[in-house]
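Chain by chain, the residues run as shown.
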Amino acid sequence: MIRLEKRIEVNNAWIALMYLSACIIGFLLTALLLWLSGTDISKAFYALYKGSMSSQKTIFSSLSKATPLILTGLATVVAFRAKVWSIGQEGQVYSGAMSAYMASLMFFGLPVWIYLTLIIGFGALGGAFLGALSAVLKNRFNVNEIISTVMLNYIMIFFLSYMVGGGPWTGVGDVALTYSQSNPIDDTAKLPFLFDSRKLHLGFVLAIVCALACHILINLTPFGYEIRAMGHNSIALKYRGTNTKKTLLYLMVFSGAIAGLAGVSEIFGTNHSLKGDTLVGLGFTGIIVGMIGGLTPIGTVIAGVVFGGLASGSVYMKIIAKVPGTLVPTMEGLFLLTFLIAGVASHYKIVRLKKDV
Amino acid sequence: MSELFQEAVIISILAGTFRVMTPILFAAIGELVTQRAGIWNMGVEGTMIMGAFTSYIVAVETGSQHLAILSGILSGMVMGLITAFMIATMRVDHFITGLGLNLLVGGLSLFWFRLYVGGGYAPTFDSLDNFAIPILNTIPILGDIFFNQKLLTYVAFLSVPIVWYFLYRTRWGLELRCLGENPKALDIKGLNVVLRQYVAILIGSSFTGLGGAFLMLAFSDRFQPDLTAGKGWLAIVAIIAGKWLPKGVFIAVLVFAFLGSVAVHVQILDVNIPYQIFLALPYLASIILLICMRKKINQPAKLGVPYFR
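Read on for an overview of the structure. (Residues numbered from 1 in each chain as written. Chains lettered and ligands numbered in written order. Predicted model: local features only at pLDDT ≥ 70, side-chain atom pairs only at ≥ 80, totals over all residues.)

### Considerations on the overall build of chain A
Within chain A one finds 13 helices and four strands. On the principal axes, the C-alpha backbone points of chain A span a range of 80 × 60 × 35 Å. Scored against the burial criterion, the 357 residues of chain A give a buried share of 53%. Here the contacts in chain A between residues at least 6 apart in sequence split such that 77% fall between residues at least 24 apart. (Helix = DSSP H or I, 4+ residues; strand = E, 2+ residues; numbered from the N terminus. Buried ≥ 20, exposed ≤ 12 C-beta atoms within 10 Å, placed from the backbone. Contact = placed C-beta atoms within 7 Å.)

Dropping the structure here:
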């Protein structure tokens, strides 16, 4: 007889083994899916490699795709560590992008660095506002944060759809009208590129800075302690005398602000005009990135870079192996499930029971 | 705006309300059973997409609407099995499981859809026909609103009293409700907790799969990405707003569906207000509903809490 038994001590080798198996099973499942769809598996994976890390250009492209994912992943980490299941990153990305775009119109003509700072700041504020809204709904009216964030996501998506698809920000010309996008932003509003790469931009630096800030905040500050304590035992935290409502509000503001930056990075660093289509799914993918990153900032950066590589590679995969680009979200979902199971399994050990004890 | 208040339009909006209501009602009434058993299945949206997508493929391939509906239910049950394995057997957090499955299905259905369609146009199928109830459908106005709907719409309405009866008048219903309040009591009595969790999840997800199939077969003739557009989430909101009671859930779904139906008609009628405002209405309404329902009277005590012996 074999039985699962909960581990009391932490065994790092076992944990590593579990997560390694999760990776392998994730890839095997992907291969199975490709096989079922009649694609050449080796060709598909080769294309994935080719498009993500075969040259300097593709590496920059991967990192540029990773930038918003790292940010939304970090937003997830901050909330989920406190067991606050906010899935409002998607909407916060939208509101961040929109308020940054508003700032770019309002402050046009200011010196470049002040102008950029204001745009980035407004982006963070936009995301933070939406996060705060969910926190207030929870604190004042006891509205479940999952529900309120999902509903706000949809509301923000429709809001942006109106603003650039018939509303005041709709771009001039047929192209802008068909694709529901704004006028291109001014050159001074674009986030500067790093290393002359034409791909990687200031947003990546922001993402790394945010990751470090999150790492310090969660692990080394009293507020981070409250976040972690809230996740472990919010009742005990309350009896300690902490105002948990305040903690919730602050952490949602912080999480929202980071997600808002993802919107800024995508619009002002990569796409250069406000458009809903480019923002779709950044928040949801960020949840997977944060989860697979083990809800740690460092892990999130690693997972974000891997997922950025997948996103960048999927373009090649579409061309070389004729695999639909939607394979990538599927892979992400598969990996999430295998990692979730690995996360649980790493707390157990297999015990052989002797007969009639 | 005045276009909205003509008799024909009002009848159409009300008839549309019951049509829009059907898939959400299926999902909500099924998930009510799951939630009363203490399991917070957040994967309703994903299960619905899966049901819709499977029934699309089967409808196109076989041309049989019955098989398509059946496959929708079956794919819902497959999703339910995965959910139950994660929640009841592995005891992964309920919220995380549901979210993960939603994300997975969002990707998976799109991937298969693109593969299926290839470079061409999506193949179409014949939508469900209306099933007019004889005699009753000749009543002026009311006949058009109530008695000229799809057959499954009547089934959805019937399922509300059936689920009520199951939950409150049968032994299994009692045990499932007990599971949501005090699973330990069942365990001590020697009743299998995990088995009952599986059953509760499967009931919910098969209803949700059916809702997805209806959404696919009744409203359009081909699959499109983001077909469900949050209807699964609205089902969850309806359960909370309906205070975990079949009657309350029914009323909440009715409100959402009415707003949804108004939104559809506003788009068609070209009213001089941005249609996005109306599209956002059900979601706004759900937040307002939840604000009004701040006291969660009947929420099962152990809802969303993994059970460890």
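### Digging into the nonpolar core
In terms of nonpolar packing, the biggest core is built from 208 residues, with Ile24, Ala28, Ala238 and Val253 of chain B touching the most fellow members. A per-element tally of this core places helix 6 (residues 145-164) of chain A first, with 15 residues. Leave out the neighbours within four places in its chain, and alanine 238 of chain B touches Ile24, Ala28, Val249, Ala252, Val253 and Phe256 of chain B. (Core = buried A, V, L, I, M, F, W, Y, C linked by C-beta atoms within 7 Å.)

### Examining the interface of chain B and chain A
On the chain A side, the residues contacting the 33 residues of chain B number 36 residues. Broken down by element, the side of chain B that touches chain A gets its largest block of residues, 13 residues, from helix 4 (residues 94-117) of chain B. When its residues are assigned to classes, the side of chain B that touches chain A shows 24 nonpolar, six polar and three charged. (Nonpolar A, V, L, I, M, F, W, Y, C, P; charged D, E, K, R; others polar.)

### What to know about the environment of valine 33 of chain B
Residues and elements named next belong to chain B. Turning to its location among the elements, valine 33 is positioned in helix 1 (residues 7-36). Valine 33 gets classed as buried once you count the C-beta atoms within 10 Å, which come to 25. Distance from valine 33 to alanine 200, taken between C-alpha atoms, is 6.2 Å for residues 167 residues apart in sequence. With residues up to four places along the chain from it excluded, the contact list for valine 33 reads Val163, Leu167, Leu176, Ala200, Ile203 and Gly204.

### As for the packing of helix 1 of chain B against helix 6 (residues 151-169) of chain B
Two measures define how a pair of helices packs: the angle their axes make with one another and the distance between the axes. All names here are of chain B. At their nearest, the axes of helix 1 and helix 6 sit 9 Å apart, and the two run at 20 degrees to each other. In terms of orientation, helix 1 and helix 6 fall into the roughly parallel class. The handedness of the crossing between helix 1 and helix 6 comes out as left-handed. Here Phe18, Arg19, Thr22, Leu25, Phe26, Ile29, Leu32, Val33 and Arg36 of helix 1 come into contact with helix 6, specifically with Leu152, Thr153, Ala156, Ser159, Val160, Val163 and Leu167. Taken together, the residues of the contact of helix 1 with helix 6 sort by class into 11 nonpolar, three polar and two charged. (Axes fitted to C-alpha atoms, helices over the stretch in contact; angles between N-to-C directions. Parallel < 35°, antiparallel > 145°, perpendicular 65-115°, else oblique. Left-handed = near helix turned anticlockwise from the far one by under 90°.)

### Focus: the packing of helix 2 (residues 44-62) of chain B against helix 10 (residues 231-241) of chain B
Residues and elements named next belong to chain B. The geometry of helix 2 relative to helix 10 is characterised by a closest axis approach of 7 Å and an angle of 135 degrees between their N-to-C directions. The orientation of helix 2 relative to helix 10 falls into the category oblique. Crossing hand, helix 2 versus helix 10: right-handed. Contact residues: Val44, Glu45, Thr47 and Met48 in helix 2; Lys231, Gly232, Trp233, Ala235 and Ile236 in helix 10. Split into classes, the residues belonging to the contact of helix 2 with helix 10 amount to five nonpolar, two polar and two charged.

### Some words on helix 6 of chain B
Residues and elements named next belong to chain B. Given a rise of 1.5 Å per residue, 19 residues ought to cover 27 Å, and the 27 Å separating the end C-alpha atoms of helix 6 matches this to within 8%. Along helix 6, the largest kink reaches about 30 degrees and is centred on serine 159; proline proline 161 follows within four residues of it. On its buried face, helix 6 sits against helix 1, strand 2 (148-150), helix 7 (171-181), helix 9 (193-219) and helix 11 (246-269). (Expected span 1.5 Å × (residues − 1). Bend = angle between axes of the 7 residues up to and from the residue.)

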